[in-house]
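A look at the structure
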Amino acid sequence: MAQLPDQYRVTADNPDPPLVHFAIPLDVDVLYEYADKHNLTEYLPRVRNVVSPESAFKATKLLSQVVEYELDFCWPFGPTADCGIILSLYDNFTMEEKMLIDEDQEDVIQMVQEELGLDKSMRPKWYFDALDPWEPDDDDEDEDQ
């Protein structure tokens, strides 16, 4: 697991750091294909042949059930070169409750890789959340940790 820098840890002295996710990078098409494989694909109303983002959320919910671990579908703060979306294992606010021991976490990662047909090199790392109101400045480290 990539170490979370202290400046992003939630502590009494730092109760509201930027939201960062420990997540597996993906292209959204991977989730759309998974949704299609499991008959979960929905289309936008009134727009012919355009897959609804709801399909990705449904795919994530099913994937969570299959790997028996709650995953979250999120957008990384961009631009980032390695993905369009992320599957969050946990974030800096939930890591105390959701972080698994290394062996169990590795099992979950491997199951996700197998279910989605991902290359074993697709490893989780820390990503800033695109919807967090925080904005980077020159004092902050690079986005990808």
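Calculation criteria
- Residues numbered from 1 in each chain as written.
- Predicted model: local features only at pLDDT ≥ 70, side-chain atom pairs only at ≥ 80, totals over all residues.
- Heavy atoms only, no water.
- Phe/Tyr/Trp six-rings, centres within 6.5 Å; stacked < 30°, edge-to-face > 60°.
- Helix = DSSP H or I, 4+ residues; strand = E, 2+ residues; numbered from the N terminus.
- Buried < 20%, exposed > 50% of the residue type's maximum accessible area, 1.4 Å probe, protein only.
- Disulfide = S-S within 2.5 Å.

The description of two aromatic rings rests on the distance between their centres and on the angle between their planes. All chains considered together, the criterion is met by 7 aromatic pairs. Each ring, one from Phe 22 and one from Trp 126, has its centre 5.3 Å from the other, and the planes form 50°; the classification is tilted. With Phe 22 in strand E1 (residues 20–26) and Trp 126 in strand E4 (residues 125–128), this residue pair connects regions lying 104 residues apart in the sequence. You can call Phe 22 buried: its relative accessible area is 1%. With centroids separated by 4.6 Å and ring planes inclined at 85°, the aromatic side chains of Phe 57 and Phe 73 adopt a geometry described as edge-to-face.

Moving on, we get to the state of the cysteines. Applying the stated criterion across every chain yields a total of 0 disulfides. For the unlinked cysteine Cys 74, the closest cysteine sulfur is that of Cys 83, found at 11 Å. With relative accessibility at 14%, the residue Cys 83 sits in the buried group.

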